[in-house]
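# Results of the structural survey
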Amino acid sequence: MRVASGAGGQRPPTLTIVASGNGASALPVGMRLLRRGGNALDAVEACARIVEADPTDTSVGRGGKPNVLGIVELDASIVDGTTHRVGAVAALVGYLYPITIARAVMERTPHVMLVGAGAARFAREIGAAKAQNLTASTRELWVERLRKAHETPASVRRRARLLPVVRKTVREERGTVNFLAIDGAGHIASAVTTSGWAYKYPGRVGDSPIVGAGNYCDTRYGAAACTGFGELAIRNVTAKTAVDRLAKGIAPVEVARLAVADANVLDDAAFNIVVLAADGTHASATNREGRRYCFMTADMEEPVTTAREVVR
Ligand code: ASP
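Conventions and cut-offs
- Residues numbered from 1 in each chain as written.
- Predicted model: local features only at pLDDT ≥ 70, side-chain atom pairs only at ≥ 80, totals over all residues.
- Heavy atoms only, no water.
- Core = buried A, V, L, I, M, F, W, Y, C linked by side-chain atoms within 4.5 Å.
- Buried < 20%, exposed > 50% of the residue type's maximum accessible area, 1.4 Å probe, protein only.
- Helix = DSSP H or I, 4+ residues; strand = E, 2+ residues; numbered from the N terminus.
- Contact = heavy atoms within 4.5 Å.
- Pairing = 2+ DSSP bridges.
- Axes fitted to C-alpha atoms, helices over the stretch in contact; angles between N-to-C directions.

## Thoughts on the nonpolar core
Within the largest apolar cluster, 55 residues are counted, with the highest numbers of intra-cluster contacts made by Ile-17, Leu-27, Ile-78, Val-89 and Phe-179. It is helix H2 (residues 40–53) that provides the largest number of residues to this core, a total of seven residues. Not counting the four nearest positions on each side in its chain, Val-89 is found in contact with Leu-74, Asp-75, Ala-76, Pro-98, Ile-101, Ala-102, Val-105, Leu-114, Ala-119 and Pro-209. Listed in part, the 24 residues of the second largest apolar core include Ala-242, Leu-246, Val-275 and Ala-285.

## Some details on the sheet that holds strand S10 (residues 282–286)
An order of S7-S8-S9-S10-S13 is seen for the five strands of this open sheet, with the pairing classed as mixed. On the outer flanks of this sheet lie strand S7 (215–218) and strand S13 (309–310), each paired with one strand and no other. Sheet topology note: the S7/strand S8 (residues 222–228) ladder contains four bridges and is antiparallel. Looking at S8, one finds that Asp-218 is bridged to Gly-222. Along the sheet, helix H9 (residues 238–247) makes contact with S7, S8 and strand S9 (271–277), crossing S8 at roughly 145°. Contacts from helix H10 (residues 252–266) reach S9, S10 and S13, with the element oriented near 155° to S9.

## Notes on unusual backbone geometry
Unlike most non-glycine residues, His-84 shows phi in positive territory, near 55°. Tracing the sequence through the fold places His-84 in the loop between strand S2 (74–80) and strand S3 (86–92). Taking the relative accessible area as the measure of exposure, His-84 reaches 32% and is therefore partly exposed. A positive phi angle, close to 60°, is found at His-150, a residue other than glycine. With respect to the element layout, His-150 can be found in the loop between helix H5 (136–148) and helix H6 (153–158).

So this is what it looks like as structure tokens:
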């Protein structure tokens, strides 16, 4: 596969990592890895693991908000933009680094995605690090949300019908982290990891582990990943559509705008995208005020966090 070599095909690729705003603290680690000659796949995985292990991010990994039954179900995917190898896990319970398990699905199985009990079984089989991902503070938030729905942990567990409760527990309360990277050889990789929609119906899978919806990259053209109402990214196949638009020569800023405009046609729920072109240019758009994304290149000492363009 042809690898981008910078503007005009002459300059070496600019080492770049782009992330959703909650990924900023991980970027220096990913950039250090790229500067040492590491590859994009290792960089996005390393970044994602940092956020997964951080209990203060209540939208990803340990400390992520649980489903309606108080169980933290995690979704993650990783894409190698050069080989188009992909790996994903969904509704995974009890493990610390879903992104590493997704990568193992990609590298060690004949499959691309494992879900639920099968994903947990595979994680156990490869000796992945276990974790109780519900923390004391996310448990408290869950109990409080149930209380507002006139339920308790015991009552909700006894219920035959969860849907009426879920209708009361789910609000616009989601979150995810995206990482898109270009390495020194011009290869592109992308990683997305999340605890999904807070207080969701058990087994609900969002866009993050669905390659082409919440995560996609192609070393020839670039990468895109989404946060926000994942159902919209699935319905619009947003990340793949974005990379297809990059392939047509549309600039990242316009690609990002178009993705949010596509989401806005379906629903008025929050939706965000980050886009990175193979030449290192990047952009981000959202339909909410105050949303941010971040990036870091080889010549920067620290990541920069900046506003996403708002598309109504
Ligand atoms: N896209 C994620 C999901 O739908 C949540 C988010 O990013 O806010 O699971």
